[in-house]
Amino acid sequence: MGTLERILEEKIIAIVRGLTLEETVKTVGAIRDGGIRLSEIPFDQTKPLSWTTDKISAVKETYGAEGVLVGAGTVLTVEQVQAAKEAGAEYIITPTSNREVIEETKRLGLVAMPGAMTPTEIEQCYRWGADIVKIFPSDNLGTGFIKAVRGPLFYIPLSAVGGVNLDNIRSFFEAGVCSVGIGGNIVNKKMIAAGDYEGIRKLAAAYVEKLH
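Draft legend 1. Just the overall build of the chain, in detail. Regarding its fold elements, the chain presents ten helices and nine strands. The C-alpha radius of gyration of the chain comes to 16 Å, within 12% of the 17 Å expected for a compact globule of 212 residues. Expressed along its principal axes, the backbone C-alpha trace of the chain runs to roughly 45 × 40 × 35 Å. Residue burial in the chain is summarised as follows: out of 212 residues, 51% are buried. Considering only residue pairs separated by 6 or more positions, the chain has 59% of its internal contacts joining residues 24 or more positions apart. Taken as a whole, the chain presents about 9200 Å² of accessible surface, with 50% of it coming from carbon and sulfur.

Draft legend 2. Spatial organisation of helix α3 (residues 49-63). Relative to the 21 Å expected for 15 residues at 1.5 Å per residue, α3 spans 21 Å between its end C-alpha atoms, a close match to the ideal helical length. Restricting attention to buried positions, one finds in α3 the residues Thr52, Thr53, Lys55, Ile56, Ala58, Val59 and Tyr63. Turning to α3, the residues buried within the fold contact α2 (21-33), β2 (38-42), β3 (69-73) and α4 (78-87).

Draft legend 3. View of unusual backbone geometry. Look at the link from Phe136 to Pro137: it is a cis peptide, with omega at 0°. Secondary-structure assignment places Pro137 in the loop between β7 (133-135) and α7 (138-150). A positive phi angle, close to 50°, is found at Thr74, a residue other than glycine. Summarising the element assignment, Thr74 is placed in the loop between β3 and α4. Residue Thr74 is classed as buried on the basis of its relative accessible area, which comes to 16%.

Draft legend 4. Focus on helix α5 (residues 99-107). Val101, Ile102, Glu104 and Thr105 are the residues of α5 that are buried. Down the axis of α5, the sector holding all buried residues measures 170°, keeping them to one side. Away from the buried face of α5 by more than 90 degrees, exposed residues Glu100 and Arg107 are located. The N-capping residue of α5, defined by a side-chain oxygen 3.0 Å from the backbone nitrogen of Glu100, is Asn98. Just past α5, the residue Gly109 takes up positive phi, approximately 80°.

Draft legend 5. Inspection of the nonpolar core at higher detail. Ranked by size, the top nonpolar core spans 60 residues in total, and within it Ile12, Ile31, Ile122, Leu158, Val180 and Ile186 carry the most contacts. Per-element accounting of this core gives the leading share, six residues, to helix α10 (residues 197-211). Excluding its chain neighbours within four sequence positions, the residues that come into contact with Ile122 are Ala116, Val133, Ile135, Val149, Leu153, Ile156 and Leu158. One finds Leu69, Val111, Ile132 and Cys178 within the second-largest nonpolar core, a separate group that totals ten residues.

Draft legend 6. Quick look at the layout of surface pockets. Roughly 160 Å³ of internal volume is contained in the largest pocket. Every residue lining the largest pocket is counted, 16 residues in all, and those nearest its centre are Ile15, Arg17, Lys134, Phe136 and Val161. The residue inventory of the lining of the largest pocket, partitioned by class, reads six nonpolar, seven polar and three charged.

Draft legend 7. How the structure looks around the side chain of Ser179. Take Ser179: it is sitting in strand β9 (residues 179-182). In this structure Ser179 comes out as buried when scored by relative accessible area, which is 0%. In this structure, Ser179 is in contact with Ile7, Lys11, Ile132, Leu158, Ser159, Ala160 and Phe173, ignoring residues within four places of it in sequence.

Draft legend 8. Structural detail: the environment of Ile13. Along the chain, the position of Ile13 falls in strand β1 (residues 12-15). A residue is classified by how much of its surface remains accessible, and Ile13, at 1% relative accessible area, is buried. Once the C-alpha coordinates of Ile13 and Lys55 are considered, the two residues, 42 residues apart in sequence, prove to be 16 Å apart. Discounting chain neighbours no more than four positions away, the residues touching Ile13 are Ile7, Leu38, Ser39, Glu40, Tyr91, Ile93, Met113, Val180, Gly181 and Ile182.

Thresholds applied
Residues numbered from 1 in each chain as written. Predicted model: local features only at pLDDT ≥ 70, side-chain atom pairs only at ≥ 80, totals over all residues. Heavy atoms only, no water. Helix = DSSP H or I, 4+ residues; strand = E, 2+ residues; numbered from the N terminus. Rg over C-alpha atoms; globule rule 2.2 N^0.38 Å. Buried < 20%, exposed > 50% of the residue type's maximum accessible area, 1.4 Å probe, protein only. Contact = heavy atoms within 4.5 Å. Areas by Shrake-Rupley, 256 points an atom, 1.4 Å probe, with all protein chains shown as cover. Expected span 1.5 Å × (residues − 1). Arc of directions from axis to C-beta. Polar contact = N/O pair within 3.5 Å; in protein donor to acceptor, adjacent residues only side chain to side chain. Core = buried A, V, L, I, M, F, W, Y, C linked by side-chain atoms within 4.5 Å. 1 Å grid on protein atoms, 1.4 Å probe; cavity = no way out; pocket = protein on both sides within 12 Å on 5 of 7 lines; lining within 4 Å. Points joined across faces, edges and corners; volume = space filled by probe spheres on them. Nonpolar A, V, L, I, M, F, W, Y, C, P; charged D, E, K, R; others polar.

Dropping the structure here:
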């Protein structure tokens, strides 16, 4: 099964942001044990590329053989796309609609998931080669927006990112998204600081159970 098919099947991408390398690896392991096998590791624009690519490589090396798919997030430049690919990322997620980033992602054979906020941006991203368009910030736009956009643009796969939680995850899927990205509501930094990876596993499991 290809990367895009895996994303469409598994539906939940955990956003693992702002952790140390060791915390990142442990967190991805806990999330995987809870049933979520898609993890996004975002770039930090204030740090060197290796801050993120070392984590992507470590996750891929530790869990790749166990079916975990790792992607890069907050990808804003062609250089970041290339660095993510070299590190082992299999999909590229962005907060913005950047044609160069989308086209380089597709040139390298990766799944492209750019961010968009308006119908114009959504349609442009898809025309430029996006596999899935990320509706961001989805909590501000809401499920009503997604339902409305799905009318004319029903053929474009959409993902909801921003504010997805246990109470509203089902309503986003009922509105027509194909996947969601969830950060702090699963990757709870207080739990991680306390070393409570079992708590992280339980959170991940709760989302998987809610979805199914």
